Amino acid sequence: MSDAERNRSRKQILLLGIGHTNAHVVKQWASDPLPGCDLVCISKFPSATYSGMLPGTLGWQFRDDEMQIDLRALADRANAKLILADTRSLDLQTGHVHFSDHDPISFDALSIGVGSMPAGWDQHSHSPLMVPIKPMQTFLSRLSERISTIATSQSAPLRIAIVGGGVASVEIALCLRQQFDKRNLNRGCSIEVFTSGHSVAQELRRRSVRRLELLLEARNVQITSGSQVTDVGDHEIMTAGGSRHEVDCVIWATGAAAGSVLGKLGLQTDERGFILTHKTLQSFSDARIFAVGDAGTIMESPSHKAGVYAVRQSPILWDNLRAFIAGKTLREFKPQKSFLKILNTGDGKALLEYGWLTVHACWVLNLKTWIDRQFVRDFQTGPTKV
């Protein structure tokens, strides 16, 4: 067989977005590549950020590089190709993904793992106050730039608003307060969490929520509940009730919304714009296409957009890509109803919730740090490529 014939017979697996689930495929490929297949990775950024370590890094518990995965190094270990490109469209008939800054790329199987964006951020993106928490790769630098701009332009204390009442907002508030402590910026600086719900962290049990409320109060973080933010101006935010709040920075940390790229692909989606999939993680629109992590919604068993599900989908995606290429039966992903939750509280401790148990202690943070470092280390290091 000639080289040209051999190349034509090879199949190509394309990973669009290298989040938790797709990154697992690259890692597995390094030690167990699919015979007769090439792996191509597409990302808008040269690194991937591990979300579990973002609050701790905000609180200066870790260096920025400790939560980052170098995608070039990861791809090199797998003998895969990494392309930094901006996706424009998807052509199902020809099996190509088109880009605004790169030639089209063909695929025999495509896994879409582009994550999500915080809901409603784009409605206020014109405001200089806005710092959405995603993309996570640039969140800390964008926040630092905004705080530096404020510090050099005014002498008054900082006024930080965090929009969104989920656990992410709580961790950000507490760990940002920790950073301010270390920078001696806390004198007079205010941090206020705005949530449309009746409390923060409503996904947790009431006992855990009450513990967090007490922690936030002790750390001088105000909670303004029942207040949906409807507008963000140049110097203030406005809530649905008509009240105005002067602020210097708005950290937008609302629930997940579909990123704009998903709307460019022409695939069947749920009512929120996430790609509809079967339990095998395959798109309703085309069996060659998988959607994982926040990017996909399993029609038969939809679950919350949370990193834990992206991680749990990893072995299913890996097995199903292999099975699809080989023409074998695919596995189904069954999301668990409950899982261990650990929140970094920015005080040398973390809060753990599992079932009926709630614990806030130093050893919990040690456990979380160990779990997080082990997870990231698996992607940061690997066997030397021969």
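If you're wondering where the values come from, they're calculated on a predicted model, not measured in any experiment.

What follows concerns a nonpolar patch on the surface. Nonpolar side chains collect at one region of the surface, where Leu340, Tyr354, Trp370 and Ile371 lie side by side and expose about 430 Å² of accessible area between them. For Leu340, the position within the fold is in the loop between helix H8 (307–326) and strand E23 (341–344). For Leu340, a relative accessible area of 38% translates into the label partly exposed.

Interhelical geometry of helix H2 (residues 20–31) versus H8 gives an angle of 45° and a closest axis separation of 7 Å. By the criterion of interaxial angle, the relationship of H2 to H8 is oblique. The interaxial crossing formed by H2 with H8 has right-handed handedness. Residues His20, Thr21, Asn22, His24, Val25, Gln28 and Trp29 of H2 form the contact with H8, whose participating residues are Gly307, Ala310, Val311, Gln313, Ser314, Pro315, Leu317, Trp318 and Leu321. Looking at the contact of H2 with H8, its residues break down into eight nonpolar, eight polar and no charged.

With respect to the helices, strands and loops of the structure, Gln282 is situated in the loop between strand E20 (275–277) and strand E21 (289–291). Reaching out from Gln282, the side chain makes a polar contact with the side chain of Thr280 at a distance of 2.8 Å. Apart from residues no more than four positions distant in its own chain, Gln282 is found in contact with Leu276, Thr277, Ala287, Ile289, Phe290, Phe324 and Leu330.

In the predicted model, the protein chain carries a mean pLDDT of 92, and the fraction of residues at 70 or more is 96%. This model gives residues 1–6 a pLDDT under 50, and the stretch forms two contacts once residues within four places in sequence are excluded.

The next thing to look at is the packing of aromatic side chains. Geometry of an aromatic ring pair is reported as the spacing of the ring centres plus the angle between the planes. What the rule picks out here adds up to five aromatic pairs. With 6.3 Å between their ring centres and 70° between their planes, Trp29 and Trp318 make a pair best called edge-to-face. Linking Trp29 in helix H2 with Trp318 in helix H8, this pair joins segments that are 289 residues apart in sequence. For the ring pair Tyr309 and Phe339, a centre distance of 5.6 Å and an interplane angle of 85° mean the geometry is edge-to-face. Separated by 30 residues along the polypeptide, Tyr309 in helix H8 and Phe339 in the loop between H8 and E23 bring together distant segments of the chain. Phe339 sits in the buried class, given a relative accessible area of 17%. Ring pairs connect the aromatic residues Tyr50, Phe375 and Phe379, which therefore count as one cluster. Between Lys27 and the ring centre of Phe379, over which it is positioned, the NZ or CZ distance is 4.9 Å. Residue placement shows Lys341 over the ring face of Phe339; its charged tip is 4.7 Å from the ring centre.

Procedures and definitions
- Residues numbered from 1 in each chain as written.
- Predicted model: local features only at pLDDT ≥ 70, side-chain atom pairs only at ≥ 80, totals over all residues.
- Heavy atoms only, no water.
- Patch = residues over 30% accessible without salt bridge, like charges linked within 9 Å, V, L, I, M, F, W, Y side chains within 5 Å.
- Areas by Shrake-Rupley, 256 points an atom, 1.4 Å probe, with all protein chains shown as cover.
- Salt bridge = Lys/Arg side-chain N within 4 Å of Asp/Glu carboxyl O.
- Helix = DSSP H or I, 4+ residues; strand = E, 2+ residues; numbered from the N terminus.
- Buried < 20%, exposed > 50% of the residue type's maximum accessible area, 1.4 Å probe, protein only.
- Axes fitted to C-alpha atoms, helices over the stretch in contact; angles between N-to-C directions.
- Parallel < 35°, antiparallel > 145°, perpendicular 65-115°, else oblique.
- Left-handed = near helix turned anticlockwise from the far one by under 90°.
- Contact = heavy atoms within 4.5 Å.
- Nonpolar A, V, L, I, M, F, W, Y, C, P; charged D, E, K, R; others polar.
- Polar contact = N/O pair within 3.5 Å; in protein donor to acceptor, adjacent residues only side chain to side chain.
- pLDDT = per-residue confidence, 0-100.
- Phe/Tyr/Trp six-rings, centres within 6.5 Å; stacked < 30°, edge-to-face > 60°.
- Lys NZ or Arg CZ within 6 Å of the ring centre and 35° of its normal.

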